[in-house]
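Geometric and topological summary
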Amino acid sequence: QVQLVESGGGLVQSGGSLRLSCVASRSISNIYRMGWYRQAPGKQRELVATITSGGSTNYADSVKGRFTISRDNAKNTVQLQMNSLKPEDTAVYYCNDGLGMGSWGQGTQVTVSS
């Protein structure tokens, strides 16, 4: 199983921005779809955004227009640029394949204050 390490989270005010990074232990070029997930306290993990190896993206309605997912297959990384953050975005963010079948990492905490 590929190991994934998330970073870039932190505390930010409402309306602010953060950029999350996911670094894989091996090549992700053979993984068709990568995704970012998030889980708020007491809630189920949800899929936030996905990106294919060719660069096609999909977003949850709640983040559409505010978040941008990207990947660099050469560097085995997946990024999530988050703009116009809202308190509702507060959660632990994880990266995984598009089906969530990989091993879950520790995630990175994002806290948005109002």
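This write-up is about the structure you can find in this document. (Residues numbered from 1 in each chain as written. Predicted model: local features only at pLDDT ≥ 70, side-chain atom pairs only at ≥ 80, totals over all residues. Heavy atoms only, no water.)

Note that T52 resides in strand β5 (residues 46-52). Given a relative accessible area of 4%, T52 falls into the buried group. Residues in contact with T52, not counting those within four places in the same chain, are Y32, R33 and R71. (Helix = DSSP H or I, 4+ residues; strand = E, 2+ residues; numbered from the N terminus. Buried < 20%, exposed > 50% of the residue type's maximum accessible area, 1.4 Å probe, protein only. Contact = heavy atoms within 4.5 Å.)

Time to look at the pattern of salt bridges. Side chains that differ in charge, positive against negative, can pair when their charged atoms come close. Scanning the entire structure with this criterion turns up four salt bridges. Between R38 and E46 there is a salt bridge, with the nearest N and O atoms lying 2.8 Å from each other. When the shortest N-O distance is used, the salt bridge between D89 and R38 registers 2.9 Å. Of this pair, D89 sits in the loop between β8 (77-82) and β9 (91-97) while R38 sits in strand β4 (residues 33-39), placing them 51 residues apart in sequence. R38 shares its class with D89; the two are buried. Among the ionic contacts, a cluster of salt bridges with common partners joins R38, E46, R66 and D89. (Salt bridge = Lys/Arg side-chain N within 4 Å of Asp/Glu carboxyl O.)

Attention shifts here to the state of the cysteines. Two cysteines whose sulfur atoms are joined by a covalent bond form what is called a disulfide. Here the structure, examined in full by the defined rule, presents one disulfide. At a sulfur-sulfur separation of 1.9 Å, the disulfide partner of C22 is C95. When the S-S torsion is 60 degrees, as for the bridge of C22 with C95, the disulfide is right-handed. Of this pair, C22 sits in strand β3 (residues 18-24) while C95 sits in strand β9; the two residues are 73 residues apart in sequence, bridging distant segments of the chain. Note on C22: relative accessible area 0%, which makes it buried. (Disulfide = S-S within 2.5 Å.)

Another aspect to go through is the packing of aromatic side chains. Scanning the model with the defined rule gives two aromatic pairs in all. Aromatic pair Y37 and W104: ring centres 5.1 Å apart, planes at 85 degrees, arrangement edge-to-face. With Y37 in strand β4 and W104 in the loop between β9 and β10 (108-113), this residue pair connects regions lying 67 residues apart in the sequence. On the basis of relative accessibility, which here comes to 33%, the residue W104 falls in the partly exposed class. (Phe/Tyr/Trp six-rings, centres within 6.5 Å; stacked < 30°, edge-to-face > 60°.)

Before going further, it helps to examine the sheet that holds β5. Here we have six strands laid out as an open sheet, ordered β2-β10-β9-β4-β5-β6, and mixed in their pairing. If you trace the sheet from one side to the other, it starts and ends with β2 (10-13) and β6 (57-59), each paired once. Going across the sheet, the axis of each strand differs from the next one's by a mean of 25 degrees, ignoring polarity. As judged from the three bridges shared by β5 and β6, these two strands associate in the antiparallel manner. When the bridges of β6 are listed, I51 appears paired with T57. (Pairing = 2+ DSSP bridges. Axes fitted to C-alpha atoms, helices over the stretch in contact; angles between N-to-C directions.)

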